[in-house]
Amino acid sequence: MKNLVQGIHHLTLCPGGAQQDIDFLTQVLGQRLVKQTVLMDGSIPIYHFYYGNADADVGSIATCFPYSRKPGRAGSGQLSCTSYTVPVGAIPFWKEHFDRRRADNSGVQERFGTKYLRARHPAGLLFEVIEEPSDARNPWTTTEVSRDVATRGFFGAVLSVRDPREQESFFVDALGFRKVGVDGPYHRFEVPGTGPGRIVDLHVEPERTPGSWGFGAGTAHHIAFNVETDAALAKQKAVYEELGYTDASEIKDRFYFHSMYVRSPGGILVECTANVPGGFYQDEAPEELGTKLHLPPWFEEQRAAIVAQLEPITVPEENRPKSGATSAPRPATAAHKSAAEPAIPVSRTKAAFETPKQGR
Ligand SMILES: [Fe+2]
């Protein structure tokens, strides 16, 4: 039987300033800004930026809440590094590029026999580029990052845990991963299947103080896995409950996909997502992805109050429409429209975004 989890859908991080985040993700990491929207929980307007490859593929999307209101505490029990694939031989370029851009970086390292290089976001978040010979996804390119070296999408993610045992049980029993090896403090897990974005490395750090769980600048918030359909999302929730992970959330309408969350035993928040027809292409044309602020329809009537509280940003020139920059759109699958599958009730948060009073 096909595994419910198909690989990573997105990784969600909390940087600090909005423009600082856009500049690092697009200019330093060479990502495409594919969506500007807002956090759909709570009553404080916070941007939600989505960055990905040229096709905004599932499995290439880093999403960021620039949360300058409060610092977070990085530590164990968190996603600790976001990993992108790059072509074999591209690492020397990235070393030079990070140095030129004055991005704090690790120097070339190796785990499981593969070279990688880490760089630190100005807010403290870690990213890495890792060599992978067979990733055919369509990269976004910039004036500084050309196609022969650009990131293709996620290789996977690194999660910091103090003790791997319960987290391993969760990945194997609840998510269907298999353990593929251990290299020093790294325990590698893989989702059955083919294609990239199916790797999770548990980094065992027994002495590391647990990190914060809420939104806070400089910390990752959650990892999301693709289960493809609403029916699979409901099945995954049932799997959690059957195994005793009874705090799985309701299924939430995130407009571009549907989501369900559970806190995993190592402390990391784990989301599963189902695609919806059109995905990121529902509200803007492929060549215009990420060029304007989009709100879900149920937030539109509060647009003025929301926009008034957001930091003005400049979208990078590389993100503006240009001919030949993107391939044909590849909308998310609409398999969940099948008549054989039940309609899944989804919840929507509709907070009141109040315009701040004068003098506050
Ligand atoms: Fe998410």
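Keep in mind that this is a model prediction, so the values were computed, not measured.

Caption draft 1: Seen up close, the coordination of the iron ion. Taken together, His10 (NE2), His222 (NE2) and Glu271 (OE) make up the full set of protein donors to the iron ion, lying 2.0 to 2.1 Å away. Written as a sequence motif, the donor arrangement for the iron ion is H-x211-H-x48-E. Of this pair, His10 sits in strand S1 (residues 8-14) while Glu271 sits in strand S16 (residues 269-275), placing them 261 residues apart in sequence. Here His10 falls in the buried class, since its relative accessible area comes to 2%.

Caption draft 2: Structural view of the sheet that holds strand S4 (residues 61-64). An order of S2-S3-S4-S1-S13-S16-S15-S14 is seen for the 8 strands of this open sheet, with the pairing classed as mixed. With partners counted over all chains shown, the strands left at the sheet margins are strand S2 (32-38) and strand S14 (252-253), one partner each. Contacts between helix H4 (residues 230-243) and the sheet are confined to strand S13 (219-228), strand S15 (257-263) and S16, with S15 contributing the most and set at about 10° to the helix.

Caption draft 3: Here's a closer look at the confidence of the model for the protein. Within the protein, residue pLDDT values average 91, and 91% of them lie at 70 or more. Of the regions scoring below 50 in pLDDT, residues 324-329 engages in 10 contacts with residues more than four places distant in sequence or in other chains. The model gives residues 331-342 a pLDDT under 50, and that stretch makes 22 contacts with residues more than four places away or in other chains.

Caption draft 4: Structural view of the side chain of Ser264. Its location among the elements puts Ser264 in the loop between S15 and S16. At a separation of 3.1 Å, a polar atom in the side chain of Ser264 contacts the side chain of Gln167. Of note is the side chain of Ser264, whose polar atom sits 2.6 Å from the backbone oxygen of Ile268.

Caption draft 5: Expanded view of helix H3 (residues 164-174). For H3, the set of buried residues is Pro164, Gln167, Phe170, Phe171 and Ala174. Buried residues of H3, viewed axially, fall in a sector of 145°; they line one side. Looking one or two residues past H3, Gly176 carries a phi angle of roughly 80°, positive in sign.

Caption draft 6: Seen up close, the pairing of S13. For S13, the tally of buried residues reaches 9 of 10 residues, placing the bulk of the element in the interior. Bridge count between S1 and S13: 6 bridges; the pairing is antiparallel. In the sheet register, Leu11 faces S13, and the bridge partner there is Ile223. Pairing analysis gives 6 bridges linking S13 to S16, with the strands arranged parallel. Across the sheet, Ile223 pairs through a bridge with Val270, a residue of S16.

Caption draft 7: Representation of the sheet that holds strand S11 (residues 186-190). Here 8 strands make up an open sheet; going across it, the order is S6-S7-S8-S5-S9-S12-S11-S10 and the pairing mixed. The open sheet is flanked by strand S6 (105-111) and strand S10 (178-183), the only strands paired with a single partner. Direction aside, neighbouring strands of the sheet carry axes that sit 25° apart on average. As judged from the 5 bridges shared by strand S7 (residues 114-120) and strand S8 (residues 126-131), these two strands associate in the antiparallel manner. By the bridge assignment for S8, Arg120 is matched with Leu126. Strands in contact with helix H2 (residues 91-100) are strand S5 (78-86), S6, S7 and S8; relative to S7, the strand with the most contacts, it is inclined by about 15°.

Cut-offs used in this document
- The residue numbering used here restarts from 1 in each chain and proceeds along that chain's sequence as written.
- In keeping with the model being predicted, local features are shown solely for residues with a pLDDT of at least 70 and side-chain atom pairs are shown and tallied solely at 80 or more, while totals for entire chains, interfaces and linings include all residues.
- As a rule here, side-chain values cover all heavy atoms of the structure and leave hydrogens and water aside.
- Donor atoms: N, O and S within 2.8 Å of the metal, or within 3.2 Å for Na, K and Ca. Because water is excluded, sites can look incomplete.
- Only DSSP runs of H or I reaching four residues or more are called helices, and only runs of E reaching two or more are called strands; each is numbered from the N terminus.
- Categorising residues by exposure relies on relative accessible area from a 1.4 Å probe, with only protein chains included: less than 20% of the type maximum marks a residue as buried, more than 50% marks it as exposed, and the intermediate range marks it as partly exposed.
- Pairing between strands is defined by DSSP: at least two bridges between them are needed.
- By the convention used here, residues are in contact when the closest approach between their heavy atoms is within 4.5 Å.
- Lines are fitted to the C-alpha atoms to define the axes, a helix being fitted only along its stretch in contact, and any angle between axes, read from their N-to-C directions, falls within 0 to 180 degrees.
- In predicted models, pLDDT denotes the confidence assigned by the predictor to each residue on a 0 to 100 scale.
- The definition of a polar contact used here is a pair of N or O atoms within 3.5 Å, where within protein one atom must be able to donate a hydrogen and the other to accept one, and adjacent residues in sequence count solely through side-chain atom pairs.
- As used here, the arc is the angular range of directions from the helix axis to the C-beta atoms.

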